[in-house]
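Listed below, chain by chain, are the residues.
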Amino acid sequence: MDDEVRDSGNADVRSSYWLDACEDDDYFVDLGANTTVVPESYSQQVSNDPCFFDGSEPSKKRRVWDRTSGRKRRRGPDDTEMDVRVRDQVRRRERYNSCSWKDREFREAKGFWERDKTTNELIFQVGSWESCRNRKEKLNNEKINKGDEDLEENKVDEPKEKLPEEQARQYQLDVLEQAKSRNTIAFLETGAGKTLIAVLLIKSISVELQKQNKKLLAVFLVPKVPLVYQQAEVIRERTGYQVGHYCGEMGQDFWDARRWQREFESKQVLVMTAQILLNILRHSIVKMEAINLLILDECHHAVKKHPYSLVMSEFYHTTPKEKRPSVFGMTASPVNLKGVSSQVDCAVKIRNLESKLDSVVCTIKDRKELEKHVPMPSEVVVEYDKASSLWSLHEKIKLMEQTVEEAARSSSRRSKWQFMGARDAGAKEELRQVYGVSERTESDGAANLIQKLRAINYALGELGQWCAYKVAHAFLTALQNDERANYQLDIKFQESYLITVVSLLQCNLSEGAISENNATGSDMDDASVNGNVPDELEEGELTTSHIVSGGEHVDVIIGAAVADGKVTPKVQSLIKILLKYQHTEDFRAIIFVERVVAALVLPKVFMELPSLSFVKSASLIGHNNSQEMRTSQMQDTIARFRDGRVTVLVATSVAEEGLDIRQCNVVIRFDLAKTVLAYIQSRGRARKPGSDYILMVERENLSHVAFLKNARNSEETLRKEAIERTDISHLKDTCGINSGEAVDGTMYQVKSTGAVVSLNSAVGLVHFYCSQLPSDRYSILHPEFTIKRHETPGGPMEYSCELQLPCNAPFEKLEGPPCKSMRLAQQAVCLAACKKLHEMGAFTDMLLPDKGIGAETDKVEQNDEGDPLPGTARHREFYPEGVADILQGEWILSGKGCEESKIFNLYMYSVKCENAGFSKDLLLNQVSEFAIVFGAELDAEVPYFHFKSNKSRVLHFLPYTCQVLSMSMDLFIARAVITKASLVYEGLTEIRETQLTLLKSFHVRLMSIVLDVDVEPSSTPWDTAKAYLFVPLSGGKSTDPVHLIDWALIDKVNKTDAWSNPLQRARPDVYLGTNERTLGGDRREYGFAKLRHGMANEQKSHPTYGIRGAVAQFDVVKASGLAPHRDASRVPSLVDLTNGKLMMADSCIMVEDLGGKIVTAAHSGKRFYVDSVRFDMTAENSFPRKEGYLGPLEYSSYAEYYKQKYGVELIYRQQPLIRARGVSYCKNLLSPRFEHSDVSMIGHDGVSEETPEKTYYVFLPPELCFVHSLPGSLVRGAQRLPSIMRRIESMLLAVQLKDIINYPVPASKILEALTAASCQETFCYERAELLGDAYLKWVVSRFLFLKYPQKHEGQLTRMRQQMVSNMVLYRYALNKGLQSYIQADRFAPSRWASPGVLPVFDEDTKDADSSFFYEEIDSDERLSRKIHDTDGYEDVEMEDGELESDSSSYRVLSGKTLADVVEALIGVYYVEGGKYAANHLMRWIGIDIDFDLKEIKYSVKPSTVPENILRSIDFDSLEGSLNCKFSDRGLLVEAITHASRPSSGVSCYQRLEFVGDAVLDHLITRYLFFTYTDLPPGRLTDLRAAAVNNENFARVAVKHNLHTHLRHGSSALEKQIRDFVKEVQNELSKPGFNSFGLGDCKAPKVLGDIFESIAGAIFLDSGCVTASVWKVFQPLLNPMVTPETLPMHPVRELQERCQQQAEGLEYKATRSGNLAIVEVYVDGVQVGVAHNPQKKMAQKLAARNALVALKEKESAEAKESGEADGKEKNGSQSFTRQTLNDICLRRNWPMPIYQCIHEGGPAHAKRFTFAVRVNTSDRGWTDECIGDPMPSVKKAKDSAAVLLLELLNKWYT
């Protein structure tokens, strides 16, 4: 229940105000550096050129193993399209050399057929489908605004600039040489190429280290976040090294040492902000000596407490000199001050920087080369008049500030405001610098409002009333549109004041002059507007057009606005400057301003004035302000400035240094720089030849004039000093450096790691710790400080600080020592707090907040390399399949000799099957009986029924087998018949070695036929791991089990000569060349590959080509001598049948002897059960016509059919035909294969209530049939044995595991816990896993809660995650070898290893449910079928590519499966043996916790709640609602106290919620599990999800008025609770309504939390008894959700509906102001829409609306279809691709050619459009038939095939 609490800290709380300045700018997609726009005609021309394939051959059609899904995947549509392009290319080359049909697939198309959407008729379109589609799209696109198209084209034509290769200049090489030999500070102009020097230095040092076999680790420090991305990209491009980039916004503050260590090992250069390096150094994650090179960009910042300075003083200078890294600094000015007073002063400051960085300044002595590459701009000074003061407006806004501050001071947050002035500002600033988080002052309405009012006041004074109005309006709009408005504190308080300010300042801005303007001024201004002014200004020259004052100098552009105070003369002057450059080619300008507010509002001024329409402006602001600009947005703005979409940047100081901004024509200092450095750097932006550097100064402002003079002088002094170096050795203490040896009490260091916290970092670390405590949107957790003054007589004033931490911290208050200043007092108490938090375990030894063990792995599915993590569903590995030890036996290797005296004692179990249900299929009961012989006695829990023996000596061997055994297995053999199979112990039998030889030979012969594996008994290998045999039973009775064996049948089968005939052995299809595995391709297009191959090579069509593509198989049979040669001329026309004999393929047999036999068809190799002999039918009977076939009748009789298709001339045409049915493959009988196959579906009269299943028969000429040596009943009985043995083997493994665990639990239940749902059997582990998961979570939660009373809820949650995560459980499972016991694959007999008969794996092996001996009869033979309504074996067609593994001894298991089995075992043991059994299992598996409460040694201390709080709570009402009296009412107070409530000595409910959540989950899951014992796992999971969720708990809390007792301090929370209560009351008023968490209003999480926390309080108050919790909460939860009242979530219901109907589902979410709008699209059509403040709720409502709309549409369509005839529609659906293929083969046409002509839509809603053509023999190629767009390839092909069938029907009828 704590996910929302943890995630709330990551919410983006930045203001969106700055977006207003960019709202009208155009955004374009960057096509990348290497994108080239190719004209359509050219692209079509070159698309088939061989060079586009890199000279490689096109990929051949093949299947690829997809490891992630465990299946073989087919070649996709993309591959098909590539093959088509390659074929087109080959055809053009061979156009005059070949005329085969394949070379003309899609070349001759002049039009295409498609279905008209309105008339549903087949229509012909001229031209290609692509061109028609393009025309339609073009017509649609013409409606789009052409201006947008032009902009898009401009964007496409200008590719992204690629970083050019830059050659080092001589002065750069000079600096580089010095940097190689000593630490250096490069003092060069902006744009002089300092970064290139750094890159070359990195390369140089890397080469030197490589010579020493060492790895480079260089750290490149930058002062600002945007520079991180820029410099990292530059270094990556220039060096090709592995470069990492890091800044606070990327979350590096939360990385641990392991994650950083991976970065250090994998990267060579790390680019980061200085604060990141300072943090990891302080936390001892990296040592200074591990760094080889330290580069400091803009190193002049290394002063005072800047991170540059702290890195050097705290860590660099404290490192031994021989271990220090090389240092390279870069700056445009080594002094970052307003100026230098003298040469000596300059020398001292440079020397201090050198000492700090342990480096020497290096600059250029000869500036001539530099000036060639870095041209200097012309410096122009522009004066403007001082603005007239709008005194009344200023005073009103200042008065508002005072009012707001007074209101804040008197509020409940007084303690916070007491120290929120300048003293606390530093702490907040340091917090933002150090850890990248803020105190979230946006949530404090008063403090945030004062900031806004001051910004408005600044804009009013500096920019004018209209600008101030725009600022205020933007603030108000952002506030109203902020999605946090629902829960932000005091939001209405801010809004009311801003509305007043907006109405006070509201005005309009328009162009025009004041009426007093004279003509001269107007003329002059007109000239200015028209550009008739001097083109250039000399340095320092002040022309009249650049001197702005009042009166006669006010122009027509903005004159009236200046006079009215709407804009200031300063803004007016800026406008006139821009107008001068109106006609400048390739104009680019940067305007530097001091305040963010000016940067945001000035572009609005430019957009408002038509005269400045040539200006396309944007703002560029940095990170360190309330209106932040994300790095990606900054980079986008710079990119648009670079390519001309923006021509004017209004920037703060962020653009002064470092950023790679395009060279400009003009740089304007709207606000003068504050330092010499800023002056120099901003000037460096004007790097174009002939550019201007314009400085705007206020007329008669002496400070402005003085600064300019000082800046120019200081720059010269700096250059001179850097070259000449003044001797200052006579001065003392000029370059002292802090040695880093801290004074006692100024730092705290952890000895084990070296991590350190000092006075400088303590405040930020405490803030960071508080920000990591569990919280939600209503509680802002931060430390609070109270300063106390201590006056000493005659001494200085001292201060002490009291720190108060949030209520969920390990301690709440701490008093600091007296200090000389308030700032020092705050630092001292924070340092003491850090030490105490570390001692209490709240900080790790790295001095980072302890998040619990394994925090990094939360919700992570893959590692850094992209591989799935162990324990996840995507992590799959091969594991050996386990075999029970009891099945092992060396005796299975015997039987090669003929020793009569050698005896083997074997245990025989007969297989008994009893059918439940009724079927008309007589074959289901005509099965032989079998027994299984083992080398050891099976466990009593294996499914056999009773002990049976009349021999007293057997009782000695079986002392306990006569107990009643609990389990038998169900075999699903038919739709309405379930066979109950079990083993009956027949006794211990003595088998001689000669008999064993016979048994093994029979076993191999039988199973080779059943499993279709061609092996010889004499050569097959035997494995001692599986030692058992299948033996037939005679059906008689005997006291000696050996006499029950049918030795006569065994002898007959072993001695028959039929095994020498390849057609009588396994896999006759391989012998005849008709094996579908070897032909490949789609099963439904079986045999087409060979047919296509022959026709493609223009081979003559053989008259015996069949539907399967087999070439004259009977010729092979005759040539091999397997059938006797018969001459038709010597056979009489009529055969005498009076003697009852039939002429078979190799013998003559009596008709009565043929019953129950199996025959093999000589012409196809398929096997059939003989049903009867049809004396009324002969081979001369007419051949039936296939239903729905469009062509003429091709075969006049059966004899004609066999002659034309197989080349067989029937001799005995007058013989009766044999009616037979196909022999199926051995199936998996453990899985229910039929809907409603349960015996309960069988009527009371014994007749199935299901629709009878169809049985297909074929009619065969006897002379084409071989009689098989195995009886049909024997094969049918043997086909059940693999399924029976699979269950026995699984059960024996479960028994073995039970013995290892050593606790009495039924093995059948253990087997259930080991069986995955993917086995598709009647049981699986999912129910038990659900219960085990809840119990495991509960036991671990209870242990952690009681064991660690100091840990907060977040730590406990992460610790629990580490103990019960799937990754941990997966490792436990591996350690115990559970992978060998798990049953995770659907049983496939074709891959099952029988003793002596190992499976054979082919490339295209299908699942076991495909046909045995070819269950799929030839399509032409199906013409002769007659359908009878009997319940026979079902005919299942498997989906393509179903392949589970490549070996019977190995299988693939996911890590999650192993973890689930552990939870399922816990659940099973809990059900069978209670908590003691479950605890025993957990101890065995390796979960190392104390399960007994006595072992935990916990102590629940009585709560100490102040009396005033106890008196404020209505305990009688609260306890009355709960119907429970508390012994310790302090627990109840804690359970209802939210973190937003001031502490006052009471903790918040978070810890109680942690344990309450687990206990309720366990109790409710247990209740549902035992109440609904027959509920399927999926439904039980849904039931639990509906009962155990925050929404349901919140509604129960409201229903019982628990919300009225909540103690909190948030007005926003109060409002949300009030709205929710109102909604719940409306829900309850509806009759019979119970949403169970699916209501239309999202509940405040707090209400569900207190419901859980109260459960935790009851648990503790009752002495940790869960029964007491359930006694209280079961009545509260009534009515509990039931299967009948269980609602389905609309989102899930809609998703399942669309999946069933193969429809594409897509959600589109947008936000309008404070509302989230979600639209639902099904197949691209909008079917639902909803809006709500919460996005998830909007999605739920939209899905609900969509379901209603879809159901209404379905009802309407059903009504219409009921009124219509509908026959035509139904008939058309019967024609499929198979029908089309049949027609093509009958007419000897090539197979149809399909082509995907379009694929589109999102990944989850793909739509495919296919075209199909066929080359007819008489009319040539058909035109393309284009199907409808479909969600799958199969449906798309079918849609096209239906159209082609209709076309052919028109042609040939």
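Residues numbered from 1 in each chain as written. Predicted model: local features only at pLDDT ≥ 70, side-chain atom pairs only at ≥ 80, totals over all residues. Heavy atoms only, no water.

Here we look at the overall build of the protein chain
Within the protein chain, the secondary structure is distributed over 59 helices and 48 strands. For the protein chain, buried positions account for 55% of its 1853 residues. In the protein chain, once contacts between residues fewer than 6 apart in sequence are set aside, the share between residues at least 24 apart is 74%. Taken as a whole, the protein chain presents about 81,200 Å² of accessible surface, with 49% of it coming from carbon and sulfur. (Helix = DSSP H or I, 4+ residues; strand = E, 2+ residues; numbered from the N terminus. Buried < 20%, exposed > 50% of the residue type's maximum accessible area, 1.4 Å probe, protein only. Contact = heavy atoms within 4.5 Å. Areas by Shrake-Rupley, 256 points an atom, 1.4 Å probe, with all protein chains shown as cover.)

Quick look at unusual backbone geometry
Between Asn1678 and Pro1679 the backbone carries a cis peptide bond, its omega angle lying at 0 degrees. Turning to its location among the elements, Pro1679 is positioned in the loop between α54 (1666-1677) and α55 (1690-1700). Look at Ser284: it is not a glycine, yet its phi comes out positive at around 60 degrees. Examined against the element boundaries, Ser284 turns out to sit in the loop between α10 (274-282) and β9 (293-297). Judged by relative accessible area, Ser284 falls into the buried class, the value being 8%. You will see that Asn1523, though not glycine, has its phi angle at about 55 degrees, which is positive.

Some thoughts on the confidence of the model for the protein chain
For the protein chain, per-residue confidence averages 75 on the pLDDT scale, and 71% of positions sit at 70 or higher. Every residue in residues 143-163 scores below 50 in pLDDT, and together they form 21 contacts with partners more than four places removed in sequence or on other chains. (pLDDT = per-residue confidence, 0-100.)

Brief notes about the packing of helix α51 (residues 1590-1599) against helix α53 (residues 1645-1661)
Two elements in contact, α51 and α53, have axes whose closest approach is 7 Å; the angle formed by their N-to-C orientations is 80 degrees. In terms of orientation, α51 and α53 fall into the roughly perpendicular class. Side by side, α51 and α53 meet where Asn1590, Phe1593, Ala1594, Val1596, Ala1597 and Val1598 of the first sit next to Lys1645, Leu1647, Gly1648, Asp1649, Phe1651 and Glu1652 of the second. Across the contact of α51 with α53, the residue classes break down as seven nonpolar, two polar and three charged. (Axes fitted to C-alpha atoms, helices over the stretch in contact; angles between N-to-C directions. Parallel < 35°, antiparallel > 145°, perpendicular 65-115°, else oblique. Nonpolar A, V, L, I, M, F, W, Y, C, P; charged D, E, K, R; others polar.)

Quick word on the pattern of salt bridges
Scanning the model with the defined rule gives 49 salt bridges in all. Notably, a salt bridge pairs Lys912 with Glu929, separated by 3.9 Å at the nearest N-O pair. Residue Lys912 is located in strand β25 (residues 903-916), and its partner Glu929 is located in the loop between β25 and β26 (930-934); the two are separated by 17 residues in the primary sequence. Exposure remark for Lys912: the relative accessible area of 30% places this residue in the partly exposed category. (Salt bridge = Lys/Arg side-chain N within 4 Å of Asp/Glu carboxyl O.)

Some remarks on the sheet that holds strand β48 (residues 1824-1826)
Here we have five strands laid out as an open sheet, ordered β4-β3-β48-β45-β44, and mixed in their pairing. At either margin of the open sheet sits one strand with a lone partner, and together these are β4 (122-126) and β44 (1793-1800). For this sheet, the mean inter-axis angle between neighbouring strands, taken without regard to orientation, is 30 degrees. Contacts between helix α59 (residues 1833-1852) and the sheet are confined to β3 (111-115), β4, β44, β45 (1807-1813) and β48, with β45 contributing the most and set at about 35 degrees to the helix. (Pairing = 2+ DSSP bridges.)

Some remarks on the sheet that holds strand β10 (residues 326-331)
Hydrogen bonds along the backbone pair up the strands of a sheet, which may run parallel or antiparallel. Strands sit in the order β7-β8-β6-β9-β10-β5-β11 across an open sheet of seven strands; the sheet is parallel. Every interior strand has two partners, whereas the edge strands, β7 (243-246) and β11 (360-362), have only one. Across this sheet, the average inter-strand angle for adjacent strands is 20 degrees, counted without regard to direction. In this sheet, strand β8 (residues 269-273) lies alongside β7 in parallel orientation, the contact comprising four bridges.

Digging into the environment of Ile723
Looking at where Ile723 falls in the secondary structure, it is placed in helix α26 (residues 702-724). The class of Ile723 is partly exposed, set by a relative accessible area of 35%. Each C-alpha atom of the pair Ile723 and Ile364 lies 7.8 Å from the other, and the pair is 359 residues apart in sequence. Setting aside residues no more than four positions away along its own chain, Ile723 makes contact with Thr363, Ile364 and Lys365.

Things to note about α51
In terms of burial, α51 is a largely internal element, nine of the ten residues being buried. When we look at burial in α51, the residues that qualify are Asn1590, Glu1591, Asn1592, Phe1593, Ala1594, Arg1595, Val1596, Ala1597 and Val1598. The opening residue of α51, the one whose side-chain oxygen lies 3.0 Å from the backbone nitrogen of Glu1591, is Asn1589. Downstream of α51 by a residue or two, Asn1601 has a phi angle that is positive, lying close to 60 degrees. (Polar contact = N/O pair within 3.5 Å; in protein donor to acceptor, adjacent residues only side chain to side chain.)

Structural notes on the nonpolar core
Counting 185 residues, the largest nonpolar core has Phe1651 and Phe1673 as the members making the most contacts within it. Residues in contact with Phe1651, not counting those within four places in the same chain, are Leu1560, Phe1593, Val1596, Ala1597, Leu1602, Phe1673, Leu1676 and Leu1677. In terms of nonpolar packing, the next biggest core, distinct from the first, is built from 73 residues, Val219, Val335, Val667 and Leu695 among them. (Core = buried A, V, L, I, M, F, W, Y, C linked by side-chain atoms within 4.5 Å.)

Points about the pairing of strand β33 (residues 1158-1161)
Because side chains alternate across β33, one face comprises the buried residues Ile1158 and Thr1160, and the other comprises Val1159 and Ala1161, equally buried. In terms of strand pairing, β33 meets strand β34 (residues 1167-1174) through three bridges, oriented antiparallel. Its bridge partner being in β34, Val1159 is matched across the sheet by Phe1168. Joining the antiparallel neighbours β33 and β34 is a turn of five residues, in which Gly1165 adopts a positive phi near 80 degrees. Here three bridges tie β33 to strand β38 (residues 1265-1267), and the two strands are oriented antiparallel to one another. Each residue of the ladder has a partner; that of Thr1160, found in β38, is Phe1266.

Side note on the packing of aromatic side chains
In the structure shown here, the tally under the stated rule is 20 aromatic pairs. Judged by centre distance (4.7 Å) and plane angle (35 degrees), the rings of Tyr1335 and Tyr1470 are tilted. Here Tyr1335, found in helix α40 (residues 1326-1347), pairs with Tyr1470, found in helix α44 (residues 1455-1485); they are 135 residues apart in sequence, far enough to count as distant. Plain terms: the ring middles of Trp1338 and Phe1659 are 5.0 Å apart, the flat faces sit at 80 degrees to each other, and that makes the pair edge-to-face. One end of the pair, Trp1338, is in helix α40; the other, Phe1659, is in helix α53, with 321 residues separating them in the sequence. Neither Trp1338 nor Phe1659 differs from the other in exposure class; each is buried. (Phe/Tyr/Trp six-rings, centres within 6.5 Å; stacked < 30°, edge-to-face > 60°.)

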